[in-house]
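Below, each chain spelled out in residue letters.
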Amino acid sequence: QQQVKQSPQSLIVQKGGISIINCAYENTAFDYFPWYQQFPGKGPALLIAIRPDVSEKKEGRFTISFNKSAKQFSLHIMDSQPGDSATYFCAASMYDYKLSFGAGTTVTVRA
Amino acid sequence: KAGVTQTPRYLIKTRGQQVTLSCSPISGHRSVSWYQQTPGQGLQFLFEYFSETQRNKGNFPGRFSGRQFSNSRSEMNVSTLELGDSALYLCASRPGGGDTGELFFGEGSRLTVL
């Protein structure tokens, strides 16, 4: 039973466009929501993370929006670049230290 | 600062055999977690070790086991391999203690079971 649901499974965006990935969770005990980026042949790397006491966090071209009442959070990639082509995973964790990952979204940025 | 190092990177085994995978965390990190990544099930938590003690365990059968040494290096073992155990096994480390912060992943060990 997947605790974090992620959509879409894949998306294609033009260079300079906006990529949006959505995630939803059920467990209200989750208190840490990271996004990971994974390139082929590599392990996931932390991109950006948020805690539920804030509704938005921005780091460069990457923004997390967090809606605690709806139990949803999303990743926006602004001005998408070909180098952003990767698989993105949302995740959630609580006091037990283990991450529950979404199924992943493969983003392809066309030049 | 060196990252998380996993060995071997690739290996092929046959059903019924066993395998041991190794992980060296980032220097100073005392927590090591293991995850299994497959196309069908995605990333799934196996277990986490902190100061040589298993702190948490995922929903995997007892064939999957692990341990952590006093230098924080960790190994995981899978016995009686099945075809479905073919996966990328990822090790991740973090400083440990009470944080739920960033996990630093290695590049993984890709296991193929024939």
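Look a little higher up for the structure.
Notes on the structure in this doc start here. (Residues numbered from 1 in each chain as written. Chains lettered and ligands numbered in written order. Predicted model: local features only at pLDDT ≥ 70, side-chain atom pairs only at ≥ 80, totals over all residues. Heavy atoms only, no water.)

## Thoughts on the sheet that holds strand β1 (residues 4–7) of chain A
Residues and elements named next belong to chain A. Read across the sheet, five strands follow the order β1-β3-β8-β7-β6 without closing on themselves; strand pairing throughout is antiparallel. This sheet does not close on itself; its edge strands, each paired only once, are β1 and β6 (56–59). Along the sheet, successive strands turn relative to each other by an average axial angle of 15°, direction set aside. Two elements, β1 and strand β3 (residues 19–25), share four bridges in a ladder whose sense is antiparallel. Paired with Ser7 across the bridge in β3 is Asn22. (Pairing = 2+ DSSP bridges. Helix = DSSP H or I, 4+ residues; strand = E, 2+ residues; numbered from the N terminus. Axes fitted to C-alpha atoms, helices over the stretch in contact; angles between N-to-C directions.)

## Overview of the interface of chain A and chain B
At the junction of the two partners, chain A supplies 18 residues and chain B supplies 21 residues. Summing both sides of the interface, chain A and chain B together bury roughly 1600 Å²; the carbon and sulfur share of this comes to 53%. Of all residues in chain A, Tyr97, Lys98 and Phe101 of chain A give up the largest surface area on contact with chain B, accounting jointly for 37% of the area buried on that side. Our count for the chain A to chain B interface comes out at one salt bridge. (Contact = heavy atoms within 4.5 Å. Buried area = accessible area lost by both parts, 1.4 Å probe. Salt bridge = Lys/Arg side-chain N within 4 Å of Asp/Glu carboxyl O.)

## Examining the state of the cysteines
Residue and element names in this part refer to chain B. Here the structure, examined in full by the defined rule, presents two disulfides over all chains. A sulfur-sulfur distance of 1.8 Å marks the disulfide that ties Cys23 to Cys91. Taking the sign of the S-S torsion, about -60° here, the bridge from Cys23 to Cys91 comes out left-handed. Here Cys23, found in strand β3 (residues 19–24), pairs with Cys91, found in strand β9 (residues 87–94); they are 68 residues apart in sequence, far enough to count as distant. (Disulfide = S-S within 2.5 Å.)

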